[in-house]
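An overview of the molecular structure
Next come the chains, spelled out residue by residue.
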Amino acid sequence: MILLFVSLFTFSANSNAKSITLGWAAWDPANALQELTKEFTAETGIDVNFEFVPWPNFADRMLNELNNKGKTFDLLIGDSQWIGAGAVYGHYVKLNDFFDKEGISMNDFSPATVYAYSTWPKGSENYYALPAMGDALAWAYRKDWFDRPELNSEFKKKYGYDLGVPANWNQLHDMCSFFQGREIDGQKRYGAAINTERGSEGITMGVTAAMYAWGMEYENPNKPYDMEGYFNSPQAVEAVEFYRKLYEDCAPPGHSDAYMVANLDAYKSGQVAFQMNWYAFWPGVSKEDSDGRVSGFFANPKQNVAAATLGGQGISVVKYSDKQDLALEYIKWFARPDVQQKWWDLGGYSCHNDVLNSPSFPTSTVYAQGFLDSMGIVKDFWQEPTFVELMLPMQEAIHDYVVNGKGTAKGALDKIIEEWVEVFEADGKL
Amino acid sequence: MSVKKKFKGLSDKAVAWLFIGPSVFLLLAINIYPLIYAIRMSFTNFYANKIGREPQFVGLKNYIKVLNKEAIWEKMQVTANFMFWTLLLQAVIGLGLALLLNRKFKGNELLTTLIVLPMMLSPAVVGVFWTYLYNPQVGLFNYVINFFHDFGSFDMIGSSVLAPWSIVIVDTWMWTPFTMLICLAGLRSVPNYLYEAAEVDRASKWQQFIYITLPSVLPFLLLALLFRGIENFKMFDMVVELTSGGPGSATELASINLKREAFEKWKTGYSSAFAVILFVTIFGFGNVYVKVMNKIKER
């Protein structure tokens, strides 16, 4: 009996010593990563345990873990906005020396993703993550409906141009309005499933897709944290007003607190002609096209400028981990071009230039070209250590205006600036 | 003193301490100490997520900030509105159901069991499944309402006018059975001879209700409302799952706002001050309420 206990204990101790835990959000790409990682375990003998947290709780769970210096995770695929907090509060291991030693060059990765997912301060050469999952907010549409001659001719008669990928947000609104309340195949359909979620980051990610396209800047480029006249510029105000119009005219009933899953559900159930969502979901959407549904995909439409809301994440080593060496071994493996190619093949969005610049890449999937286009025009929310404090007032004020219909767009943006000033003052930035 | 005598037996006082000691220790460790710590923090500019940054004493600044913030008063108003309507509806419906179930009829026990089912569910689960019931396209709630009168498509959760009612309805659905059970206990404690005497005096049913039933059940009802009032003042999970405090901040109760300030914005000092203010408010109201309740009982 004693021998049994000893052997069990030894087995447990050994398996712990050769295993690491990776934390990420619970979504399709996480399953692809789990599949990919089997090869890592086969090559190195290191087991990788996964803890995938549903999106609504993802930030809370992970940031609490980091703030408490928790040892649950050795590797974390954290949102792009966390990089500031990860670096400043010392949650993430700085990877420069490791990259130099292992010959991993950030020049091998798409510059937009390196800037967004890896560096702090922004644009510096201090790397706290390896770009792991490129992503941006984009659109899917019912190509099969667009291809119906009777719908196209009716649309053309009304608006004077063909149904197709919208060239700008006005056209997007025209098309969404066209489908709103329309009966197709005996069912009532609606325009677009857009982000309206209140609790985490949903409506902010949605409305910024419009604001960036209208040319909004968060701050004066020559005077950091000076937001007056930039974040609440006339263009920004117009974009927020437009987003409300899109919600009022084109969203399906009850779509007042919707984000990734709700948008997917509305689209998959055939309710809407368009859905706004992350590229991460397009492999699943494309694969599940059935019963005559054919999906088309396009990058965020431009208005005054071409721009898209950045998503995606980098993979970081947690400073409080006791197994940093094993975690770094995983990063070294993950950075390999052949692994990056397999990552894309499995449904992950590689940021490696060898994958993205491959001549076959743009035609490898129906959404690949859109992804390439988007990654060249992405813009992100504040990546400051205080990003959660900055996100919350925006969620509240924008939801209050867009969904609740309270006040004005200018009033909402002014209120957000007021709160942001307070946050930056408390953080010693102002 | 011999060793034998020393351990022969413990005094009554020692035994009493032995029994209450662990409870007192736990009370001090998990209630009193955090309360004192929070009060201390409320006078500082502490941010729990800013590692290595020493909190500085800021005096009453956090309290002044909380009390002067318009948004806080909006949240308090939302909370007061929620409490007023839920308590009123739960008192009226709960008492009505208790009066109904106090009569003897076939299926009484089964009906009682069915009525109390909602309060056995987790508030978070209740919040989630009511989001489906309220769905304007497929929700049962909208279907039932439109069955009686065609209001067309309406969104209980997405409308700033209807959303506050949506949380009142769910809380009432879930917790009226609690008020009912307490009232039922009160009703069953009323001695029958009072009604018999009233019958002899030719009192009408209404007079019996006003002069016997209501005074007898009132202390029980007030007790139930005290519990519900305290619970609803700190209501969080059901509302977060149902509306996330939205649309905008139409259903953002004080407790939800406190959680966001404390554990999302990490304004520990500021949120401690807010928590202390909420604590004093509920403690003050609770004390006044208990005094009134005792006076009613003494009558």
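Residues numbered from 1 in each chain as written. Chains lettered and ligands numbered in written order. Predicted model: local features only at pLDDT ≥ 70, side-chain atom pairs only at ≥ 80, totals over all residues.

1. Focus: the overall build of chain A
- Helices and strands together make up the secondary structure of chain A, namely 19 helices and 13 strands.
- Relative to the compact-globule value of 22 Å for 430 residues, chain A shows a C-alpha radius of gyration of 23 Å, a close match.
- The principal-axis extent of the C-alpha atoms belonging to chain A is close to 80 × 55 × 45 Å.
- Buried residues in chain A amount to 50% of all 430 residues.
- Considering only residue pairs separated by 6 or more positions, chain A has 74% of its internal contacts joining residues 24 or more positions apart. (Helix = DSSP H or I, 4+ residues; strand = E, 2+ residues; numbered from the N terminus. Rg over C-alpha atoms; globule rule 2.2 N^0.38 Å. Buried ≥ 20, exposed ≤ 12 C-beta atoms within 10 Å, placed from the backbone. Contact = placed C-beta atoms within 7 Å.)

2. Quick notes on the sheet that holds strand β8 (residues 190–193) of chain A
Residue and element names in this part refer to chain A.
- On the basis of which strands lie adjacent, the open sheet formed by four strands has the order β8-β9-β5-β10 and mixed pairing. The sheet is open, and its two borders are formed by β8 and β10 (295–299), each paired with just one other strand. Here the average twist between neighbouring strands, direction ignored, is 20°.
- As judged from the three bridges shared by β8 and strand β9 (residues 272–278), these two strands associate in the parallel manner. Bridge pairing in β9 links Y190 to V272.
- Relative to β10, helix α17 (residues 368–375) is tilted by about 15°, and along the sheet it contacts β5 (137–142) and β10. (Pairing = 2+ DSSP bridges. Axes fitted to C-alpha atoms, helices over the stretch in contact; angles between N-to-C directions.)

3. Thoughts on the packing of helix α8 (residues 163–188) of chain B against helix α10 (residues 205–233) of chain B
Residue and element names in this part refer to chain B.
- Between α8 and α10, the shortest axis-to-axis distance is 8 Å and the interhelical angle comes to 145°. Like other packed secondary-structure pairs, α8 and α10 cross with a definite hand, here right-handed. Across the interface between the two elements, D171, W175, F178, T179, I182, C183, A185, G186 and L187 of α8 pack against T213, S216, V217, F220, L221, L223, A224, R228 and N232 of α10.
- Its residues assigned to classes, the contact of α8 with α10 shows eleven nonpolar, five polar and two charged. (Left-handed = near helix turned anticlockwise from the far one by under 90°. Nonpolar A, V, L, I, M, F, W, Y, C, P; charged D, E, K, R; others polar.)

4. Re helix α12 (residues 254–263) of chain B
- Counting buried positions over the ten residues of α12(B) gives seven, a clear majority of the element.
- Along α12(B), the residues classified as buried are A254(B), S255(B), I256(B), N257(B), L258(B), R260(B) and E261(B).
- Residues of α12(B) that are buried in the fold lie against α18 (387–402) of chain A together with α4 (70–101), α11 (237–243) and α13 (268–298) of chain B.

5. Some details on the environment of A203(B)
Residues and elements named next belong to chain B.
- Tracing the backbone shows A203 in the loop between α9 (192–200) and α10.
- Taking C-alpha positions, A203 is 20 Å from N102, a pair spaced 101 residues apart along the chain.
- Not counting the four nearest positions on each side in its chain, A203 is found in contact with A198 and Q208.

6. Focus on the environment of G186(B)
Residues and elements named next belong to chain B.
- Of note, G186 is situated in helix α8.
- Each C-alpha atom of the pair G186 and R40 lies 43 Å from the other, and the pair is 146 residues apart in sequence.
- Apart from residues no more than four positions distant in its own chain, G186 is found in contact with S216, V217 and F220.

7. Focus: α18(A)
- For α18(A), with 16 residues, the first-to-last C-alpha span of 22 Å sits near the 22 Å given by 1.5 Å per residue.
- Most of α18(A) is tucked away, with 16 of its 16 residues classed as buried. (Expected span 1.5 Å × (residues − 1).)

8. A word on the packing of helix α11 (residues 234–250) of chain A against α18(A)
Residues and elements named next belong to chain A.
- Two elements in contact, α11 and α18, have axes whose closest approach is 9 Å; the angle formed by their N-to-C orientations is 55°. One finds that α11 runs oblique with respect to α18. Two packed elements cross with a definite hand, and for α11 against α18 that hand is right-handed. Facing V240, Y243, R244 and Y247 of α11, the residues of α18 in contact are I398, Y401 and V402. (Parallel < 35°, antiparallel > 145°, perpendicular 65-115°, else oblique.)

9. Section: the domain arrangement of chain A
All names here are of chain A.
- When its domains are assigned, chain A resolves into domain 1 (2–134 + 312–368) and domain 2 (137–309 + 386–426).
- The C-alpha centroid of domain 2 is placed 30 Å from the C-alpha centroid of domain 1.
- Counting residues at the interface gives 15 residues for domain 1, matched by 13 residues for domain 2.
- Of all the secondary-structure elements, those providing two or more residues to the side of domain 1 that touches domain 2 are α2 (28–44), α3 (55–67) and α4 (83–88).
- Ranked by the residues each element gives to the side of domain 1 that touches domain 2, the list is headed by α3, at four residues.
- Per-class residue counts for the side of domain 1 that touches domain 2 are ten nonpolar, four polar and one charged. (Domains from an automatic or database assignment.)

10. Considering the sheet that holds strand β1 (residues 19–25) of chain A
Residue and element names in this part refer to chain A.
- Taken together, five strands build an open sheet; the order of strands is β2-β1-β3-β12-β4 and the sheet is mixed. The open sheet has two edge strands, β2 (47–53) and β4 (130–133), and neither has a second partner. Neighbouring strand axes in the sheet, compared pairwise and without regard to direction, differ in orientation by 30° on average.
- One ladder, built from seven bridges, connects β1 with β2; its direction is parallel. Counterpart to S19 in the pairing with β2 is D47.
- Running at roughly 170° to β2, α2 makes contact with β1, β2 and β4 of the sheet.
- On the sheet, helix α14 (residues 324–334) packs against β1, β2, β3 (75–79), β4 and β12 (313–317) and is oriented at approximately 145° with respect to β12.

11. Quick word on the environment of H91(A)
Residues and elements named next belong to chain A.
- Here H91 shows up in the loop between α4 and α5 (96–102).
- Taking the C-beta count within 10 Å as the criterion, H91 has 27 such neighbours and is therefore assigned buried.
- Once the C-alpha coordinates of H91 and W420 are considered, the two residues, 329 residues apart in sequence, prove to be 24 Å apart.
- Beyond its immediate sequence surroundings of up to four residues, H91 is in contact with L66, A85, G86, V318 and K319.

12. Observations concerning unusual backbone geometry
- Residue W120(A) is joined to P121(A) through a cis peptide bond whose omega torsion reads -10°.
- Mapped onto the elements of the fold, P121(A) is located in the loop between α6 (111–117) and β4.
- Residue P247(B) follows G246(B) across a cis peptide bond; omega there is 0°.
- Inspection of the secondary structure puts P247(B) in the loop between α11 and α12.
- Phi is positive for R202(B), close to 60°, though the residue is something other than glycine.
- Looking at the secondary structure, you find R202(B) in the loop between α9 and α10.

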